[in-house]
Amino acid sequence: MNAALSFFAPCPLAGHTEACQRYTPPADVPLGEIEIRASEAGLTWVGFVTDASDDARPSALTRRCAQQLEAYFAGELTRFELPLAPPGTEFQRRVWQALTTIAFGETRSYAEQAEAIGRPTATRAVGAANGRNPLAIVVPCHRVIGANGRLTGYAGGLERKRWLLGHEGHAIAR
């Protein structure tokens, strides 16, 4: 495993017990409720809630993530400091690790993202891995845009991506 990936712990085997909690951003943040899941190894999921189920089993780590999300939305935090353990292939984890190097307020194209992982011809595969990122906002796949500077796909929806980039100081063409 590449040393640059060391902060990504391997996801535990299926069937492990995850801590889970929901976080609701401040009223002026139009993203909707966010679900946070974590294992003992680290965060496994941060995503937008699509169902009404409530599986609350918070842990110190899910609470810490919620606190950091709160600080991010308040404009007080620009880089998350949390242990991560997303389930995924080695290639996906390389892509997600590279996403964490895109600074707050910056963007990168899919081609630049492919270059960053040493796979310059893997632009489409990088796009597919970005689309499977299980750690929305914390691993900032929203910072990857089209080579022409336009918004491209985002699992949370383009309006959420536009809002996140605007929050970080970008005005993106429709």
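Just so it is clear, the structure is predicted and the values come from calculations on it, not from any experiment.

## Some thoughts on the overall build of the chain
- A tally of helices and strands in the chain yields five helices and five strands.
- Traced from its N-terminal end to its C-terminal end, the chain shows the element sequence β-β-β-α-α-β-α-α-β-α.
- Taken across its 174 residues, the chain has 48% of its residues classed as buried.
- Contacts in the chain between residues at least 24 apart in sequence constitute 59% of all its contacts with a sequence separation of at least 6.

## Digging into the sheet that holds strand β1 (residues 19–23)
- Pairing within the open sheet is antiparallel, and its three strands lie in the order β1-β2-β3. The sheet is open, and its two borders are formed by β1 and β3 (43–48), each paired with just one other strand. Each strand of the sheet is rotated relative to its neighbour by a mean of 15°, with strand direction disregarded.
- Pairing of β1 with strand β2 (residues 34–38) involves five bridges; the strand directions are antiparallel. When the bridges of β2 are listed, A19 appears paired with A38.

## Some points on the packing of helix α2 (residues 90–99) against helix α4 (residues 123–131)
- Running from N to C, α2 and α4 point in directions that differ by 80°, and their axes come no closer than 9 Å. In terms of their interaxial angle, α2 and α4 are classed as roughly perpendicular. Contacts from F91, Q92, V95, W96 and L99 in α2 reach A125, V126, A129 and N130 in α4.
- A per-class count over the contact of α2 with α4 returns seven nonpolar, two polar and no charged.

## What to know about the UniProt feature "active site" (unreviewed entry) in the chain
- What UniProt calls "active site" (unreviewed entry) maps, in this numbering, to C141.
- Structurally, the position occupied by C141 is in the loop between α4 and β5 (144–145).
- Excluding its chain neighbours within four sequence positions, the residues that come into contact with C141 are L99, N130, N133, Y154 and K161.

## A few points about the environment of P58
- Tracing the backbone through its elements, the reader meets P58 in the loop between β3 and α1 (60–73).
- Beyond its immediate stretch of four places on either side in the chain, P58 contacts A19, C20, Q21 and R63.

## What about the pattern of salt bridges?
- Taken as a whole and judged by the stated rule, the model has seven salt bridges.
- For E168, the salt bridge identified is with R143, shortest N-O distance 2.7 Å. Within this pair, whereas E168 is found in the segment after α5 (158–167), its partner R143 is found in the loop between α4 and β5, the two being separated by 25 residues in sequence. Across the pair, exposure class does not vary: E168 and R143 are buried alike.
- With a shortest N-O distance of 3.6 Å, R162 and E159 are connected by a salt bridge. Remark: E159 and R162 occur in helix α5; sequence separation between them is three residues, near one turn of the helix.
- On the accessibility criterion, E159 (49% relative accessible area) is partly exposed.

## Re α4
- Among all positions of α4, only V126, A129 and N130 are buried. Summarising the axial view, the buried residues of α4 lie within an arc of 100°, below the 170-degree limit, and thus occupy one face.
- On the buried face of α4, the contacting elements are α2, α3 (110–116) and β5.

## As for the nonpolar core
- Counting residues in each nonpolar core, the largest one holds 41 residues, and the members touching the most others are I34, I36, L43, L69, F73 and I137.
- Of all the elements, α1 adds the most residues to this core, at seven residues.
- Residue contacts for L43: discarding those within four places in its chain leaves I36, R37, A38, L61, C65, L82, P83, L84, A85, P86, L135 and V138.

The rules behind the values
- Residues numbered from 1 in each chain as written.
- Predicted model: local features only at pLDDT ≥ 70, side-chain atom pairs only at ≥ 80, totals over all residues.
- Heavy atoms only, no water.
- Helix = DSSP H or I, 4+ residues; strand = E, 2+ residues; numbered from the N terminus.
- Buried < 20%, exposed > 50% of the residue type's maximum accessible area, 1.4 Å probe, protein only.
- Contact = heavy atoms within 4.5 Å.
- Pairing = 2+ DSSP bridges.
- Axes fitted to C-alpha atoms, helices over the stretch in contact; angles between N-to-C directions.
- Parallel < 35°, antiparallel > 145°, perpendicular 65-115°, else oblique.
- Nonpolar A, V, L, I, M, F, W, Y, C, P; charged D, E, K, R; others polar.
- UniProt positions renumbered as here; feature names shortened; annotations may be inferred.
- Salt bridge = Lys/Arg side-chain N within 4 Å of Asp/Glu carboxyl O.
- Arc of directions from axis to C-beta.
- Core = buried A, V, L, I, M, F, W, Y, C linked by side-chain atoms within 4.5 Å.

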